[in-house]
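The lines below spell out each chain.
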2 protein chains.
Amino acid sequence: MALNDRKIQILQAIINDYIETAEPVGSRTIAKKYNLGISSATIRNEMSDLEEMGLILQPHASSGRIPSDMGYRLYVDHLMQQKELSLDEQKYLQGVISRDINQIDYLMEETAKALSLLTNYATFISEPVGQRTRIKQIRLLPLDSTSLLLVIATGDNFIKNHVIKMDSVPSEEKIFYMGICLNRVLQGFALNEIDGAVISKMQAELQEYQELLEPILKAIEITMRAAEKVQVHMSGARNMLAFPEFSDIQKAKSLFQTLEEKDVLVTMLEESKGNDIQILIGSENTVQGMKDCSVITATYKMGDNTRGTIGIVGPTRMDYSQVISVLNGMVQNIEGVLRNLSDGNNKNT
Amino acid sequence: MALNDRKIQILQAIINDYIETAEPVGSRTIAKKYNLGISSATIRNEMSDLEEMGLILQPHASSGRIPSDMGYRLYVDHLMQQKELSLDEQKYLQGVISRDINQIDYLMEETAKALSLLTNYATFISEPVGQRTRIKQIRLLPLDSTSLLLVIATGDNFIKNHVIKMDSVPSEEKIFYMGICLNRVLQGFALNEIDGAVISKMQAELQEYQELLEPILKAIEITMRAAEKVQVHMSGARNMLAFPEFSDIQKAKSLFQTLEEKDVLVTMLEESKGNDIQILIGSENTVQGMKDCSVITATYKMGDNTRGTIGIVGPTRMDYSQVISVLNGMVQNIEGVLRNLSDGNNKNT
DNA sequence: GTTAGCACTCAAAACTGGTGAGTGCTAATA
DNA sequence: TATTAGCACTCACCAGTTTTGAGTGCTAAC
């Protein structure tokens, strides 16, 4: 059975209508609303074919049809046309980032909020991550008479701190010197590369402060492990409650459970990293609890190999083309802000 | 009309039953279940009085009674008896924190998760904050040929970083020296105290690096503003969906909206800071969107004046005494972990 | 190949009466 | 005088029935 033009028109009509109304679409509706020049009976015959091909399905015997995941896939891959952002939306996008945001985590927070407001779906976003496993700079600073601060910058200029408590802290100069030594030895290393050889080297360099070495090494391990953990921000989960798909409390609850699991979200974002735009429809999602949703992800870049990912979660009948264009717009914007932030917003103003 | 013993017994019965079942409680139920030695008719008369006093109310003409906010208030203030933690719960509490958590934000995250699991309500928690507006130590570190790292430690050992971009970064020694100067001048100051006098002093000290002063000052401002913003972690919002009170999607949505607003949560926690345990019942909440809920907050301390707050949100018929005992237990635990974390978990092991 | 027409299906809405948990009131009782 | 038994009444809820309407598939005619 061939997927001729007319079948495609009908499929498109069904998808458009269902995205809009969330109600199964019947042949008469299509005949009346989209004047394809054929009668409802003919549409019925075609729909019967489309169902046989697995592109649409019937929730129950005497109801209209809804698109299947496979139907959406066909739509997304071949039928959908890119939507342009409305002026309002463009303006809003600009507005959200025009404020001088200069801390990455606020930028993430604001972006997630804006996207969930703009799309009415749920949004999650991971911060830009590059060479985060590798030590770029490592230093020590005195805080007070019993605490020392360990500062580690990773390859992607991500900074992580750790306060080390001890009985008494050496003088400022000694600490400075220790930090320099530490840095000389460990610069460029990843945590799993710090083996016996490296440690002996450190012992040699820091001979005077043997007793401090152990707590410092432990602090480095803790800090690097923490640095490797990627932060993810989530917003707009409540939007999902507005969709009839989730008026069943049980379904809503299990979706919310998934959305609260940051580890799961990170994994999802990791998996799609690299693709400019990735779309996973319903059952295509590997994560349980997302099988009733579609997830669209977009990757943004910040120089080099430093990247982050944005994900939008909606019902399978989400407005794919709108989400994609908003995401594209937002990626542009974030990249702009990050560029501005990383090469000197301090110079102007 | 006096609130005699019998009335109190009846009120208590109504509250207990309603907390358990979420169904309006009738006179016959009370007569059968709680043998107070009086007939349902007598109970009806007493209930009529209790209603007149505003302690209970009737959802509709021929239904049983439910406690009013005022009724809960009386219960919480005078009738409720402290519940002991079950062994399982005590064990769980221990287990949650026995893992070696050494980053404050993970501790917050884990605590919120544990509490929402343990109580089946929603939990939010603010990190320990003390002298966060005051600079305790300030330093500069070189990151690479075009970026400088500003590190600020505030009075409560909270660390905040900021990467400053510039055309070229001076030598390590010069930066070290600049950092020391900066520290000498600014130590002990709050952002709003850095006035003309202080700035001229800095200009004098850093004469050689006039052109760096402006970006550094700007970075200090940004960083201190960010430091002042208190982080809050939220968990278990989905639990609220399990309660019949929120089976109305609209109500659920507006509650979720409030729970997603971190600023609102911070305000709520701030307002209750200082009180060991604070209970706000239904309409007593100033925050719109929480008027159908009760919020119990507890303050935990970390030496000096450094404090954080935990909040538990549930329906007004929440299990107050259980939540209070769990909160008390958790405060003990957190304080333990923080104490351990701040006076040298690095020494042992 | 297309369409009009018709019998059929089935979910959802509207209506029905019955049930039961609750009330308030009153009169009898201790 | 406080308590209680008894009774009429209310009203949400449930189960069953009917009605409605949007939908289908099939068939015969164009």
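See the structure shown above.
Rules and cut-offs
Residues numbered from 1 in each chain as written. Chains lettered and ligands numbered in written order. Predicted model: local features only at pLDDT ≥ 70, side-chain atom pairs only at ≥ 80, totals over all residues. Heavy atoms only, no water. Pairing = 2+ DSSP bridges. Helix = DSSP H or I, 4+ residues; strand = E, 2+ residues; numbered from the N terminus. Axes fitted to C-alpha atoms, helices over the stretch in contact; angles between N-to-C directions. Buried < 20%, exposed > 50% of the residue type's maximum accessible area, 1.4 Å probe, protein only. Least-squares fit on C-alpha atoms with pLDDT ≥ 70 in both. Contact = heavy atoms within 4.5 Å. Buried area = accessible area lost by both parts, 1.4 Å probe. Salt bridge = Lys/Arg side-chain N within 4 Å of Asp/Glu carboxyl O. Polar contact = N/O pair within 3.5 Å; in protein donor to acceptor, adjacent residues only side chain to side chain. Nonpolar A, V, L, I, M, F, W, Y, C, P; charged D, E, K, R; others polar. 1 Å grid on protein atoms, 1.4 Å probe; cavity = no way out; pocket = protein on both sides within 12 Å on 5 of 7 lines; lining within 4 Å. Points joined across faces, edges and corners; volume = space filled by probe spheres on them.

Caption draft 1: Molecular detail of the sheet that holds strand S7 (residues 232-235) of chain B. All names here are of chain B. Ordered by their spatial adjacency, 5 strands build an open sheet running S7-S3-S10-S9-S8, and the pairing between neighbours is antiparallel. Looking at which strands have only one partner, the edges of the open sheet turn out to be S7 and strand S8 (277-281). Averaged over all adjacent pairs, the angle separating strand axes in this sheet is 15°, with direction ignored. One ladder, built from 4 bridges, connects strand S3 (residues 122-126) with S7; its direction is antiparallel. Its bridge partner lying in S7, isoleucine 125 is registered against histidine 233.

Caption draft 2: Region of interest: the sheet that holds strand S5 (residues 147-154) of chain B. All names here are of chain B. What the 3 strands build is an open sheet, ordered S4-S5-S6; its pairing is antiparallel. Of all strands in the sheet, those bounded by a partner on one side alone are strand S4 (135-144) and strand S6 (159-165). On average, adjacent strands in this sheet sit at an angle of 20° to one another, irrespective of strand direction. One ladder, built from 7 bridges, connects S5 with S6; its direction is antiparallel.

Caption draft 3: Representation of unusual backbone geometry within the structure. All names here are of chain B. Even without being a glycine, alanine 22 presents a positive backbone phi close to 65°. Tracing the sequence through the fold places alanine 22 in the loop between helix H1 (5-21) and helix H2 (27-33). Assessed through its relative accessible area of 17%, alanine 22 is described here as buried. One non-glycine residue, asparagine 157, lies in positive phi territory at about 60°.

Caption draft 4: Highlighting the relation of the copies chain A and chain B. Superposing chain A onto chain B takes a rotation of 179° plus a shift of 0.1 Å along the axis, which leaves an RMSD of 0.2 Å. The transformation just described matches what one would write down for a two-fold rotation axis.

Caption draft 5: Examining the interface of chain A and chain B more closely. With 60 residues of chain A at the interface, the matching set in chain B holds 59 residues. Roughly 5200 Å² of surface becomes buried between chain A and chain B when both sides are summed, with 53% attributable to carbon and sulfur atoms. Here arginine 139 of chain B ties to glutamate 172 of chain A by a salt bridge, and the two come within 2.5 Å at their closest N and O atoms. For the interface between chain A and chain B, the tally reads 16 residue pairs in polar contact (both at pLDDT 80 or more). Mapped onto the side of chain A that touches chain B, the elements with two or more residues apiece are helix H6 (104-119), strand S4 (135-144), strand S5 (147-154), strand S6 (159-165), helix H7 (172-186), helix H9 (210-228), helix H10 (249-260) and helix H12 (320-342) of chain A. By residue class, the composition of the side of chain A that touches chain B is 24 nonpolar, 18 polar and 18 charged.

Caption draft 6: Just empty space enclosed by the protein, in detail. Considering all chains together, one arrives at 3 cavities of 30 Å³ or more under this definition. The calculated volume of the largest cavity comes to roughly 110 Å³. Around the largest cavity sit 15 residues that line it, and Leu140, Leu141 and Phe176 of chain A together with Leu141 and Phe176 of chain B are the ones nearest its centre. Mapped onto the lining of the largest cavity, the elements with two or more residues apiece are S4 and H7 of chain A together with S4 and helix H7 (172-186) of chain B. A class-by-class count of the residues in the lining of the largest cavity yields 10 nonpolar, 1 polar and 4 charged.

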